[in-house]
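Reading the structure
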Amino acid sequence: MSNVPDTLRYSSEHEYIKPMDDPSVVEIGITDYAQGELGDIVFVSLPGVGDTFEESDSLGTIEAVKAVSELYSPVTGEVVEVNEALDADPAAINRDAYGDGWMVRVKISDPAQLESLMDAAGYKKHIGE
Amino acid sequence: MITETDTAADTFASRHNGPRPSDIADMLQTLGYESLDGLMDDVVPGAIRTDTPIDLPAARSEDDVLEDLRAMAAKNRVFRDYIGMGYADTITPPVILRNIMENPGWYTAYTPYQAEIAQGRLEALLNFQTVVSDLTGLDTANASLLDEGTAAAEAMHMTAAVSRKKGDRCFLVDAQCHPQTIAIIETRARPQGIRIEIGDPDTFAFGDDTIGALLQYPASDGQIRDYRAVCDAAHAADALVTVATDLLSLTMLAPPGEWGADIAVGNSQRFGVPLGFGGPHAAFFATQERYKRNLPGRIIGVSRDAQGNPAMRMALQTREQHIRRDKATSNICTAQVLLAVMAGMYAVYHGPEGLRRIARRIHDLSRTLAHALRQHGHTVVHDDFFDTLAVELPAAAEVMAAAVERGINLRAISDRSIGISLDERTTVTDLADILAAFGVDATPDQLAGIAAQAPQAIPPSLERTSDFLSHPVFHRYRSETEMLRYLKRLENKDLSLTAAMIPLGSCTMKLNATTEMIPVTWPTFAAPHPFVPRDQVEGYMELFRRLEDGLAAVTGFDAISLQPNAGSQGEFAGLLTIRSYHQARGDTGRTTCLIPMSAHGTNPASAVMAGMKVVVVKSDEHGNIDIDDLRAKAEAHRDSLGALMVTYPSTHGVFEAGIRDICDIVHEHGGQVYMDGANLNAQVGLCDPADIGADVCHLNLHKTFCIPHGGGGPGMGPIGVKAHLAPHLPDHPVVPLGMADSCGTVSAAPWGSASILPISYAYLAMMGPDGLTEATKVAILNANYVAHRLRDVFPLLYSGATGLVAHECILDVRPFKASAGVDVEDVAKRIIDYSFHPPTVSFPVPGTMMVEPTESESREELDRFCDALIAIRQEIAEIESGEADREDNLLKNAPHTLAAVTADDWTHPYSRERAAFPMPEARESKVWPTVGRLDGAYGDRNLVCVCLPMEAYAEA
């Protein structure tokens, strides 16, 4: 069983969205289920601070040994912080998807978009658990 | 008394096919059939069967066909070729010729997907990468590409992929690149919308839209120029510089990586690989470390195994088309492993001092020739050169003719200019002969005097000062005994067809018969330069005609192009031919390419390269194309529909009954049908692609037509087309092929890798129409026999309406993930312990294995393989029942090395004997994996693609 914390929201493309202290900023990464499916992650390519994205644009790519996956933006907004530690240690995503494995922090343009994302129960159902 | 029936019984087909007649009868009985034809009736839908036999001459004996080929080869007149243009004669060290090129232990292996039984050729490829990296001065090299022209084109694609510039983009090309390279670049750039500007590098204008430039060093006409300022200008404009170069010259010249090049490409042929009238050879590609994720082709990297020891495997595979599909920058799949291994071993054999000596000698001969020509009033155009001179004179034709009279080919650069490129074989006597063609008389003694006076021809600022090939591997094997043992030691680490079946689905690892292989290295086939006058190679011309006729007869097509050098190149060439056809009709908007979800990743990557937009068609639950979805998509894109790419039988190994309807729907909506010939081995003699409805099909000669896989190349991917597409087939700028409205040039040589074509010709001639058809039937029988024996143990994923498969079958191992914690990787690695090569893993369906036994495997071998899989199922059952540990078990720890099972320390809950000798037969012919299971993630996170210092290999 994958770890699906109740405190987060989820996209159908297996990103998690974590609220931050600043209510206009969210943290985005991939779920524990997604890292399990991908296997050992060896490289992540992420956007730059200041880049802007529409909902479902590609934010970057995640490479495992045998698979590669796009990271889709679950919201519209501007990147305010990027987890640069992943350059040297992409395995952090496998170890701690919701902690050290976070990828970007985004200032959201439309908080209403968060409402359309799944809650933990919905995501569990989505991944058949 | 000798009767005809005695000799008739020993047909080649009976040697090529594995099962004996009595086995076939038994196997059919197991499947519930009385005859092979009865089985075929249920496997191959009646609607697509042909009832006309293949229009080919009757089968001939092996001896007969060898005689026939000998006579053909004798019609090739071998001249001394000083044409250059990226090809130079070379001496293949005999120890390499016999023990690699002519050795099935090396040439029958496949791409090193299973690293634990491929450390030998992985090490050989790492040597090659080290040679390329050291000589070019760039840190990251790949394990080879197809030829110099396509390598340069790959560099352009990579430049475009890393460039931040968008919109209308321009790529600059040195007018002194080899003409075939320029033609390929133009062909590749057109569908990408990249503008090519050809000019003198000194006048290159790097604008806002310039993404990069391609230079040739030394240039095609021999000149050595200092390009440092060009590199500075390029970098200032955020453009990349690619340098096409010659490895041997780089033993004396400052390497491109030291003066600003971002990418270096070229042909490694002159490192001991015969010219072969164009190939096969290994091209190289090197770049800076920061671009490693954009590098095309295979990269061999050093990682570690489960025990923590250094071990090699293919690295960064997520760059490749089979994963990236339409997002890939390149459609390249395979490398030219056999030839790259040879080139790397040439460097091992000679070492840096030997290579320097060879280069120095060629250079000194060139200086002598230049000086002698000048002394006699000829104009040698450039003062700075390595091995190639351009000579200006009033009438080139006279000298060209005088040279031909002396058995010498020179390059006619223009009516008033001749090129002369010297090589490793050139002697002082040859120099005298070349000079005689220019009307200059010089004795060897006089030439020695001239040599002493000849001025320097390498500018001091471009002399190489850095060391290269300092790794011990390039210094240890100087005696032939040591070299022989090194080659044998590496060979023995690998599993090839000489040891066991390689049931890789979609790869068709059938017999590469000795008779088929013998002509390849005859000098009459191996020696000609690709651009010699056609009247000197009448034997080759006859071979091409007969092979084209044979391939046309097998496929039903009207015309064949032998140019594409691999399946991926065939796909690209086929799609370009289709595009060219649409455009010639004014249908310029037909750029949508429908591709089924189940297609191999190369298909979408090729479509994108050909400038097409990929629209995916769904598959139904049986793995077949969803015809309703196809119809809907064809309808939705009816104004832009260019082509459908379809594999037949499907990638799931099933003859789809609806294939005719599928082709009709595409044609009705204005599209053309491209058939991927990967699975042609199930069609030959039973149905033909042209009749089914395909307009183009590529033929993997390295699958169906017996060219060996060479450990991961060479291959050949000719295309067959219907008459309406024939005028659009590939042409060649140096050797015009007479196409009326060609789609361009796809390979550096006009007929691709010509010297391996005798293999496919011999196969067709020795099998004849009946033998070929019989082989197809036996291939289908073997696959169904395996499927039948295993279906109760491993669920069969797809089968046709009758419960039968075509020539391969997919075994589902996904359920064991939940029941035993075992995944497909564990099963595959455990198969190695049973001394087999695992089947194809996770293609076309993740988590499954695809088995293609081919017709060449005997029933005994099939039974051994099935017994192994049944035994592994039993091992899984022991985990399921709790009898075996869920983590520490035979599968999770597989493969087991000799070191692991003989170690003093053995902590596993199962016996050493079960680990290493799970079946009694294994004792007789055990193939040991030389490393434990590879840690792919470690190597991908820490890429190392050149030889490690020796300490790393020291015993821990």
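Source: prediction; values computed, not measured.

**Observations concerning the overall build of chain B**
- Each helix and strand in chain B was counted, giving 32 helices and 26 strands.
- Relative to the 2.2 N^0.38 estimate, which gives 30 Å for 956 residues, the radius of gyration of chain B is 28 Å and therefore close to what a compact globule would have.
- C-alpha extents for chain B along the principal axes are approximately 85 × 75 × 70 Å.
- Here chain B, with 956 residues, has 60% of them falling under the buried criterion.
- Pairs at least 24 apart in sequence give 78% of the contacts found in chain B among residues at least 6 apart.

**Some details on the overall build of chain A**
- A count of helical and extended segments in chain A gives five helices and nine strands.
- Secondary structure of chain A in N-to-C order comes out as β-β-β-α-β-β-β-β-β-α-α-β-α-α.
- By principal-axis analysis of the C-alpha atoms, chain A measures approximately 35 × 35 × 25 Å.
- Expressed as a percentage of the 129 residues in chain A, the buried residues total 40%.
- The long-range share in chain A, meaning contacts at least 24 apart out of those at least 6 apart in sequence, stands at 62%.

**Let's talk about the nonpolar core**
- Residues V341 and M342 of chain B are the most contacted members of the largest nonpolar core, which totals 309 residues.
- Examining the composition of this core, we find that 21 residues originate from one element, helix α13 (residues 337–375) of chain B, more than from any other.
- With sequence-adjacent residues up to four places away left out, M342 of chain B is seen in contact with I96, I100, M101, G272 and V273 of chain B.
- Within the second largest apolar cluster, 35 residues are counted, among which are V4, Y16, I28 and I30 of chain A.

**Notes on the sheet that holds strand β15 (residues 417–421) of chain B**
Residues and elements named next belong to chain B.
- Taken in spatial order, the four strands of this open sheet run β11-β12-β15-β14, and their pairing is antiparallel. Where the open sheet ends on each side, the last strands, each with one partner, are β11 (379–380) and β14 (411–414).
- Of the pairings in the sheet, the one linking strand β12 (residues 388–392) to β15 comprises five bridges and is antiparallel in character. Counted as the bridge partner of V391 is I418 from β15.

**Some thoughts on the packing of helix α8 (residues 119–136) of chain B against α13 of chain B**
Residues and elements named next belong to chain B.
- Two numbers describe how α8 lies on α13: the axes approach to 8 Å, and their chain directions differ by 65 degrees. Here α13 runs roughly perpendicular to α8, going by the angle between their axes. Here α8 runs over α13; the crossing is left-handed. Seen from α8, the contacting residues are R121, A124, L125, N127, F128 and V131; seen from α13, they are V337, A340, V341, A343, G344, M345, A347 and V348.
- Residue classes in the contact of α8 with α13 are distributed as eleven nonpolar, two polar and one charged.

**Section: the environment of M541 of chain B**
- Among the secondary structure elements, M541 of chain B is positioned in helix α20 (residues 538–555).
- Along the primary structure M541 of chain B and E808 of chain B are separated by 267 residues, whereas in three dimensions their C-alpha atoms are 36 Å apart.

**A closer look at helix α14 (residues 396–405) of chain B**
Residues and elements named next belong to chain B.
- Listing the buried residues of α14 in full gives A396, V399 and A403. The buried residues of α14 all sit within an arc of 70 degrees when viewed along its axis, so they share a single face. Seen from the open side of α14, the exposed residues pointing more than 90 degrees away from its buried face are A397, A401 and E405.
- Where α14 is buried, its residues touch β13 (408–409), β14, β15 and α15 (428–437).

**With respect to the interface of chain B and chain A**
- Counting residues at the interface gives nine residues for chain B, matched by nine residues for chain A.
- When contributions to the side of chain B that touches chain A are tallied by element, the ones reaching two or more residues are α12 (321–324) and α32 (936–941) of chain B.
- Counting residues per element, the side of chain B that touches chain A draws most heavily on α32 of chain B, at four residues.
- In terms of residue class, the side of chain B that touches chain A is built from two nonpolar, three polar and four charged.

**Quick notes on the pairing of strand β7 (residues 263–267) of chain B**
All names here are of chain B.
- Counting buried residues along β7, five of its five residues qualify, which places the element largely inside the surrounding structure.
- Side chains of β7 alternate between two faces, with I263, V265 and N267 and A264 and G266 buried alike.
- Inspection of the sheet shows strand β6 (residues 240–245) paired to β7 by four bridges, in the parallel sense. Of the residues in β7, the one forming a bridge with T245 is G266.
- In this sheet, strand β8 (residues 283–287) lies alongside β7 in antiparallel orientation, the contact comprising five bridges. Along β8, the bridge assignment pairs A264 with A286.

**A short note on the packing of α13 of chain B against helix α16 (residues 444–453) of chain B**
Residue and element names in this part refer to chain B.
- The interhelical angle for the contact between α13 and α16, taken along N-to-C directions, is 100 degrees, at an axis separation of 8 Å. As summarised for this structure, α13 and α16 are arranged roughly perpendicular, according to the angle between their axes. Taken together, the residues of α16 that come into contact with α13 (itself represented by D364, T368, H371, A372 and Q375) are L447, I450, A451 and Q453.
- Of the residues belonging to the contact of α13 with α16, the class tally is four nonpolar, four polar and one charged.

**Quick notes on α20 of chain B**
All names here are of chain B.
- The terminal C-alpha atoms of α20, which comprises 18 residues, lie 26 Å apart, in line with the 26 Å expected from a rise of 1.5 Å per residue.
- Buried within α20 are the following residues: G539, Y540, L543, L547, E548, G550, L551, V554 and T555. Along α20, the residues classed as buried sweep out an arc of 165 degrees about the axis, all on the same side.

**Let's talk about unusual backbone geometry**
- Omega for the peptide link from F843 of chain B to P844 of chain B comes to 0 degrees, which places this bond in the cis form.
- Mapped onto the fold, P844 of chain B is located in the loop between β24 (840–841) and β25 (848–851).
- Between A894 of chain B and P895 of chain B the backbone carries a cis peptide bond, its omega angle lying at -5 degrees.
- With respect to the helices and strands, the residue P895 of chain B is situated in the loop between α29 (859–880) and α30 (898–902).
- The backbone phi angle of S56 of chain A is positive, close to 70 degrees, even though this residue is not glycine.
- Its location among the elements puts S56 of chain A in the loop between β5 (52–53) and β6 (58–64).
- Residue S842 of chain B is not a glycine yet carries a positive backbone phi of 60 degrees.
- Position of S842 of chain B among the secondary structure elements: in the loop between β24 and β25.

**A word on the sheet that holds strand β5 (residues 210–217) of chain B**
Residue and element names in this part refer to chain B.
- Spatial ordering of the open sheet is given by β2-β8-β7-β6-β5-β3-β4, a layout of seven strands whose pairing is mixed. Here the strands that pair on one side only, and so sit at the sheet edges, are β2 (140–141) and β4 (194–199).
- Of the strands in this sheet, β2, β6, β7 and β8 are in contact with α8, which crosses β8 at around 60 degrees.
- In the packing of helix α10 (residues 179–192) onto the sheet, the strands contacted are β3 (169–174), β4, β5 and β6, and the crossing angle to β4 comes to about 155 degrees.

**Structural notes on the pairing of β15 of chain B**
Residues and elements named next belong to chain B.
- The element β15 is extensively covered by neighbouring structure, given that four of its five residues are classed as buried.
- Taken together, the three bridges between β14 and β15 define a ladder with antiparallel strand orientation. Paired with S414 across the two strands is S417, which belongs to β15.
- The hairpin formed by β14 and β15 contains two residues between the paired strands.

**Some points on the confidence of the model for chain B**
- Averaged over every residue, the pLDDT of chain B is 95; the share at 70 or more is 98%.
- Model confidence for the complex is summarised by a pTM of 0.95, with the ipTM given as 0.80.

**Some thoughts on the environment of Y113 of chain B**
- Relative to the elements of secondary structure, Y113 of chain B occurs in the loop between α7 (104–107) and α8.
- Sequence separation between Y113 of chain B and G712 of chain B is 599 residues, and the spatial gap between their C-alpha atoms is 9.4 Å.

**Some words on the environment of G86 of chain B**
Residue and element names in this part refer to chain B.
- Here G86 shows up in the loop between β1 (80–81) and α6 (94–101).
- Distance in space between the C-alpha atoms of G86 and V946 is 25 Å, their sequence separation being 860 residues.
- Setting aside residues no more than four positions away along its own chain, G86 makes contact with E148, H178, N267 and A748.

Calculation rules
- Residues numbered from 1 in each chain as written.
- Chains lettered and ligands numbered in written order.
- Predicted model: local features only at pLDDT ≥ 70, side-chain atom pairs only at ≥ 80, totals over all residues.
- Helix = DSSP H or I, 4+ residues; strand = E, 2+ residues; numbered from the N terminus.
- Rg over C-alpha atoms; globule rule 2.2 N^0.38 Å.
- Buried ≥ 20, exposed ≤ 12 C-beta atoms within 10 Å, placed from the backbone.
- Contact = placed C-beta atoms within 7 Å.
- Core = buried A, V, L, I, M, F, W, Y, C linked by C-beta atoms within 7 Å.
- Pairing = 2+ DSSP bridges.
- Axes fitted to C-alpha atoms, helices over the stretch in contact; angles between N-to-C directions.
- Parallel < 35°, antiparallel > 145°, perpendicular 65-115°, else oblique.
- Left-handed = near helix turned anticlockwise from the far one by under 90°.
- Nonpolar A, V, L, I, M, F, W, Y, C, P; charged D, E, K, R; others polar.
- Arc of directions from axis to C-beta.
- Expected span 1.5 Å × (residues − 1).
- pLDDT = per-residue confidence, 0-100.

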